[in-house]
Every structure is written in structure tokens, then in C-alpha cells.
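Descriptive analysis of the structure
The primary structure of each chain is shown beneath.
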Amino acid sequence: MLCGECTVPTSQDKVKRARHQQEICIIFSRYPRPGASKTRLIPHLGPEGAAGLQRRMTEAVAGQAACLGQVHVELAMAGATEDEMASWLGKQFPWQQQVGEDLGQRMDFAFGQAFKRGFQRVVIVGADCPELSTDMITQAFQELREKELVLGPTSDGGYYLVGLRRPAPALFAGISWGSDRVLVQTLAIARKQGLPPALLAKLSDVDLPDDLKKLPPSLRGELF
């Protein structure tokens, strides 16, 4: 699951180190419960297959984030319990429940909590983009040293990564989440807020049956 060249600290070690770190990467995902995750792929993969894909993609992104070095890494999960996380990724990464009514509120809450804890550069990544690499997340933090906002656009009009150097609640309000206008609407708000963004390379995420062809061979081999 994890980067083979990395030695992954325990959750306790990571919490201790976080007190001295300025950067945090928060991985947004949903617990891979059959029937409740990747629901748009259930007709094609079945409940177990769709949940399995959610699990493997989350593990893949966590593995890339684990190789970030001095960056603190946490998970923000929806639909998980303490026991479930303890038997899965919770043993390797600190985690928190997502808080909010929609994705925007949940991300705004996660950003706010991270800044309150003293982090100066905060990056949130989704778990739906198999192309996301350690180098790309590293680039996002590098961009945040010069810019106050960084976005990683997806080919379907959304974004797979958002990074900030300060709270920006307006950036997550009034967005048509799940539509092909998420990035356009976000960029319009960013301009009004005086937040010119750095844009990373455009990547593809996996939400619909047609997206499955974008999976790397290792994942495709497990599903088909």
C-alpha cells in the first residue's frame, strides 16, 4: 500500500512531529463500505467492487502522501467509525471525521481546524485521482510559498487538490459540487477574493464507469 522507499511513523509519532511542522496534507475520503461508496460505479462493479476501488485508491493516495517527508499527513473520513479505522489506515495515520453538510463546508472546516492548530500551509487532496503523485503534492506546497492558493484541476471540471495559506471560507460557498462548473466557479470567487491561484497539471479522477479506463494496470487487474 505505502511507498516502498518510506519508513512510515506511527500515529503517535506523527502527532508529536506535527507540533513542529508547518505543512499538513489532509486526504479526503469516504470509508469503503459496500453500497455507500463510489455509488455511481455500483451498476458496473457491484457494491463490493465499488467499495474495493474506494479502498485501493485511498490507500494509493495515502501511500504517496506518506513519502512527503516533513509534511504532516492526516485523513478526513466520512462514514467511518473508530474501530473501522483502527483496523485499516487509522493505525498508520491520524484521522478525523469530516464535519459539514456539503463538501465545501467540510473542506472549510478542515482548513479552519488546521490553521487553528498552527499549520501555515494546508493542502487537501481527494482520494479519487490515481494519477496523483508525491511530486505533485510536493509541488503544491512549493507553490504555497509564493501563492496563497493552489488548485489541481480535473478533466471533468472539478479539482483534486486545493491548498491555502490562510482561511478562505468564501472559496467554498455557493459552489455546484459534483458539477462540471466547480473549478470555474471557484476561480471566479478566487478573483473576487484577491486570491490569484497557482494551477497544477490537469488530472483525471474516477467517478463514472467511463473513468475506469483511466485506472493504472495494477488497479484494473484487481477489478477485472
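Above this text you will find the structure in question.
Residues numbered from 1 in each chain as written. Predicted model: local features only at pLDDT ≥ 70, side-chain atom pairs only at ≥ 80, totals over all residues. Heavy atoms only, no water.

**Topic: unusual backbone geometry**
Unusually for a residue other than glycine, Lys38 sits at a positive phi of about 50°. Among the secondary structure elements, Lys38 is positioned in the loop between strand 1 (23-30) and helix 2 (42-65). Judged by relative accessible area, which is 11%, Lys38 ranks as buried. (Helix = DSSP H or I, 4+ residues; strand = E, 2+ residues; numbered from the N terminus. Buried < 20%, exposed > 50% of the residue type's maximum accessible area, 1.4 Å probe, protein only.)

**A few points about the pattern of salt bridges**
Evaluation of the coordinates by the stated rule reveals ten salt bridges. Notably, a salt bridge pairs Asp207 with Lys38, separated by 2.9 Å at the nearest N-O pair. With Asp207 in the loop between strand 7 (197-199) and helix 7 (217-223) and Lys38 in the loop between strand 1 and helix 2, the pair connects residues that are 169 residues apart, well separated along the chain. The pair formed by Asp207 and Lys38 is uniform in burial state, with each residue classed as buried. One salt-bridge network, in which partners are shared between bridges, spans Lys38, Arg40, Asp128 and Asp207. (Salt bridge = Lys/Arg side-chain N within 4 Å of Asp/Glu carboxyl O.)

**Details of the packing of aromatic side chains**
Two numbers describe a pair of aromatic rings. These are the distance of the centres and the angle of the planes. Taken as a whole and judged by the stated rule, the model has four aromatic pairs. Seen in terms of ring centroids, Tyr31 and Trp88 are 5.8 Å apart; in terms of plane orientation they differ by 85°. Their pairing is edge-to-face. Placement of the pair is Tyr31 in the loop between strand 1 and helix 2 and Trp88 in the loop between helix 3 (82-86) and strand 3 (95-97), with a sequence separation of 57 residues. Owing to a relative accessible area of 11%, Tyr31 belongs among the buried residues under this scheme. Summarising the aromatic geometry, the rings of Phe111 and Phe172 are spaced 5.7 Å apart at their centres and angled 25° between planes, so their arrangement reads as stacked. Within this pair, whereas Phe111 is found in helix 4 (residues 103-116), its partner Phe172 is found in the loop between strand 6 (159-164) and helix 6 (182-192), the two being separated by 61 residues in sequence. For the pair Phe111 and Phe172, a shared accessibility class is recorded, and that class is buried. By the ring-pair criterion, three or more aromatic residues cluster together here, those being Phe111, Phe115 and Phe172. Looking at Arg55, its charged tip hangs above the ring of Trp88, at a distance of 4.9 Å from the centre. (Phe/Tyr/Trp six-rings, centres within 6.5 Å; stacked < 30°, edge-to-face > 60°. Lys NZ or Arg CZ within 6 Å of the ring centre and 35° of its normal.)

**So, the pairing of strand 5 (residues 149-153)**
For strand 5, the tally of buried residues reaches five of five residues, placing the bulk of the element in the interior. Burial of the side chains of strand 5 extends over both faces: Leu149, Leu151 and Pro153 are buried on one face and Val150 and Gly152 on the other. Note that strand 5 and strand 6 share five bridges and pair antiparallel. When the sheet's bridge partners are listed, Leu151 is paired in strand 6 with Val162. (Pairing = 2+ DSSP bridges.)

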